[in-house]
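Summary of structural features
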Amino acid sequence: MKIPQLIAITFFACGIISSCQVLQCGANKSAFLTKYDAFIDRVDRLDLEVSDEKWKKYDIQFKQYVEECYDYYEADLSTRERRRFWMKTLKYYATRYGEGMLNQLSRKDGISEKIEQNIEDVLDATGRDLEDFVNKNMGEIEDLVKDIGKDVEDWTNKLKEILQE
């Protein structure tokens, strides 16, 4: 086989592989999140026992979303989007394993460790975002609290007037 043909076949194979990834994960970040939300909603409507064999199909899809698709789009996700993704992931575990959810998450396999680490990261980032917001807007927050205090005082005085009449 000649080198130009080999190069063409290689590009063709790469294109097919990446298009499969796009079909499963979504063409962009927004499509990925929409597809994942729809998947979790579909699973949430299932009425299956924990031991039901039908879970295998959903477990495979779930694993692909968490281990492949998330990694593909992670850099593009905001803290809020990452938090939403991992909360939906916990919802899958709650639906899938019911009362055994914590036992499943405490297993030391790749996916449960990934879930634990990412949830910790998202919570840390959320805390930092909240702290940054408060620090940046402290003056406005203080003014708002003063305004609320004044409004409560005015309402109290009006209420006293009404009750004295």
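1. Notes on the overall build of the protein
- On a plain count of helices and strands, the protein comes out with seven helices and zero strands.
- Secondary structure elements of the protein occur, N-terminal to C-terminal, as α-α-α-α-α-α-α.
- Within the protein, buried positions represent 25% of all 165 residues.
- Here the contacts in the protein between residues at least 6 apart in sequence split such that 65% fall between residues at least 24 apart.
- Of the roughly 11,800 Å² that the protein leaves accessible, carbon and sulfur atoms contribute 57%.

2. Considering the state of the cysteines
- This structure, assessed with the given rule, holds one disulfide.
- Each sulfur of the disulfide joining Cys25 and Cys69 lies 2.0 Å from the other. One quick way to see it: the torsion about the S-S bond of Cys25 and Cys69 is about -80°, and its sign makes the bridge left-handed. Of this pair, Cys25 sits in helix α1 (residues 3-25) while Cys69 sits in helix α3 (residues 55-73), and the two are 44 residues apart along the sequence.
- Exposure remark for Cys69: the relative accessible area of 0% places this residue in the buried category.

3. Things to note about the packing of α3 against helix α4 (residues 79-97)
- In the contact formed by α3 and α4, the axes pass within 12 Å of each other and the chain directions differ by 160°. What the angle tells us is that α3 and α4 run roughly antiparallel. The crossing of α3 and α4 is left-handed. Along the contact surface, α3 presents Trp55, Tyr58, Asp59, Phe62, Tyr65, Val66 and Tyr70, while α4 presents Arg82, Phe85, Trp86, Thr89, Tyr92, Tyr93, Thr95, Arg96 and Tyr97.
- Class assignment for the residues of the contact of α3 with α4 results in eleven nonpolar, two polar and three charged.

4. Observations regarding α3
- When the terminal C-alpha atoms of α3 are compared, their 26 Å separation across 19 residues agrees well with the 27 Å that a helix rising 1.5 Å per residue should span.
- Roughly 35° is the biggest bend found in α3, and it falls at Tyr65.
- All of the buried residues along α3 are Trp55, Tyr58, Phe62, Tyr65, Val66, Cys69, Tyr70 and Tyr73.

Calculation rules
Residues numbered from 1 in each chain as written. Predicted model: local features only at pLDDT ≥ 70, side-chain atom pairs only at ≥ 80, totals over all residues. Heavy atoms only, no water. Helix = DSSP H or I, 4+ residues; strand = E, 2+ residues; numbered from the N terminus. Buried < 20%, exposed > 50% of the residue type's maximum accessible area, 1.4 Å probe, protein only. Contact = heavy atoms within 4.5 Å. Areas by Shrake-Rupley, 256 points an atom, 1.4 Å probe, with all protein chains shown as cover. Disulfide = S-S within 2.5 Å. Axes fitted to C-alpha atoms, helices over the stretch in contact; angles between N-to-C directions. Parallel < 35°, antiparallel > 145°, perpendicular 65-115°, else oblique. Left-handed = near helix turned anticlockwise from the far one by under 90°. Nonpolar A, V, L, I, M, F, W, Y, C, P; charged D, E, K, R; others polar. Expected span 1.5 Å × (residues − 1). Bend = angle between axes of the 7 residues up to and from the residue.

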